[in-house]
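If you want the building blocks of each chain, they are given just below.
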Amino acid sequence: VPPSRKVKYNKRMTIVAGFVHENGVLVCSDTLLANSTNAKYGAKIFPVLFNDGRALIGFSGLEVFAQGAIEQIQASLGTHTGQPRTMAEIVEHVRKVWFKAYKKIHPTSNEYLSGEQIVAAIWSAREARASLYRSSGESFSESHEHAECIGAGDVLGGYLIGSNAA
């Protein structure tokens, strides 16, 4: 389907995956952005550039929410002007912004199956390394697997890549 054509799409099948390898982290996704009646094509992974690091953040769930949360993360990380931060300091910063944004749209429920999730490759200039992180509900933590998947296709993706990424 051409990117400019809107189609009826009743079931959302999305996947964003992150893979750790010896040279860093790879983040990839499909490009279908859909709701219950329309579909379009667009990016689900965004670069986040800041003074002492870099990140690639991929999302599943509501496009407007995810893009807003990623913009908040970028703006927040961009305010740092001191010495380069450790990976732990950068991640804690992302965790706080993610928690606040997530709780705003899920204020009272504990939705383990929420579609609003992120996968992030974060690089710290101070440590000169990248690591893979993912959200689960309101939490945000480092992956201890070689791969992570989010979105409606997470279980299938985890099975196909042979990881516990689901």
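Cut-offs applied
Residues numbered from 1 in each chain as written. Predicted model: local features only at pLDDT ≥ 70, side-chain atom pairs only at ≥ 80, totals over all residues. Heavy atoms only, no water. Salt bridge = Lys/Arg side-chain N within 4 Å of Asp/Glu carboxyl O. Helix = DSSP H or I, 4+ residues; strand = E, 2+ residues; numbered from the N terminus. Pairing = 2+ DSSP bridges. Axes fitted to C-alpha atoms, helices over the stretch in contact; angles between N-to-C directions. Contact = heavy atoms within 4.5 Å. Disulfide = S-S within 2.5 Å. Expected span 1.5 Å × (residues − 1). Buried < 20%, exposed > 50% of the residue type's maximum accessible area, 1.4 Å probe, protein only. Arc of directions from axis to C-beta. Phe/Tyr/Trp six-rings, centres within 6.5 Å; stacked < 30°, edge-to-face > 60°.

**Observations regarding the pattern of salt bridges**
Under the criterion given, the structure shown has seven salt bridges. Between Glu148 and Arg134 there is a salt bridge, with the nearest N and O atoms lying 3.1 Å from each other. In this pair, Glu148 is assigned in strand S10 (residues 147-150) and Arg134 in strand S8 (residues 129-136), connecting sequence segments 14 residues apart.

**Points about the sheet that holds strand S7 (residues 117-124)**
Here five strands make up an open sheet; going across it, the order is S5-S6-S7-S8-S9 and the pairing antiparallel. The sheet is open, and its two edges are formed by strand S5 (45-50) and strand S9 (139-142), each paired on a single side. Mean inter-strand twist for the sheet, computed between neighbouring axes without regard to direction, equals 20°. Pairing between S8 and S9: four bridges, direction antiparallel. Across the sheet, the residue bridging to Tyr133 is Glu142, located in S9. Helix-sheet contacts for helix H1 (residues 63-77) involve S5, strand S6 (53-60) and S7, and the interaxial angle to S5 is about 15°. On the sheet, helix H2 (residues 87-105) packs against S5, S7, S8 and S9 and is oriented at approximately 155° with respect to S7.

**Comments concerning the sheet that holds S10**
Taken in spatial order, the three strands of this open sheet run S2-S1-S10, and their pairing is antiparallel. The outermost strands of the open sheet, each flanked by one partner alone, are strand S2 (24-29) and S10. The sheet shows a mean angle of 15° between the axes of neighbouring strands, direction not considered.

**Looking at the state of the cysteines**
Evaluation of the coordinates by the stated rule reveals zero disulfides. In this structure Cys28 is a free cysteine whose sulfur lies 8.0 Å from that of Cys149, the closest cysteine sulfur available.

**Some words on H1**
At 3.6 residues per turn, the α-helix brings residues three or four places apart onto the same side. For H1, built from 15 residues, the straight-helix expectation of 21 Å at 1.5 Å per residue is met to within 8% by its first-to-last C-alpha distance of 21 Å. Of all the residues in H1, the buried ones are Phe65, Ala66, Ala69, Ile70, Ile73, Ser76 and Leu77. An end-on view of H1 places all buried positions within 130° of arc, on one side of the element. Residues Val64 and Glu71 are exposed on H1 and point more than 90 degrees away from its buried face. The elements touched by buried residues of H1 are S5, S6, H2 and S7.

**A few points about the packing of aromatic side chains**
Summed over all chains, the structure comprises four aromatic pairs. A ring pair is formed by Trp98 and Tyr102, whose centres lie 5.8 Å apart and whose planes are at 40°; its orientation type is tilted. Taken together, the residues Trp98 and Tyr102, both in helix H2 and four residues apart, mark about one turn of the helix. Judged by relative accessible area, which is 1%, Trp98 ranks as buried. Seen from their ring centres, Tyr133 and Phe140 are 5.7 Å apart, and the 20° between their planes marks the pair as stacked. Residue classification places Tyr133 among the buried residues on the basis of a relative accessible area of 3%. A relative accessible area of 1% means that Phe140 is categorised as buried. The rings of Phe65, Trp98 and Tyr102 are connected pair by pair, giving a single aromatic cluster.

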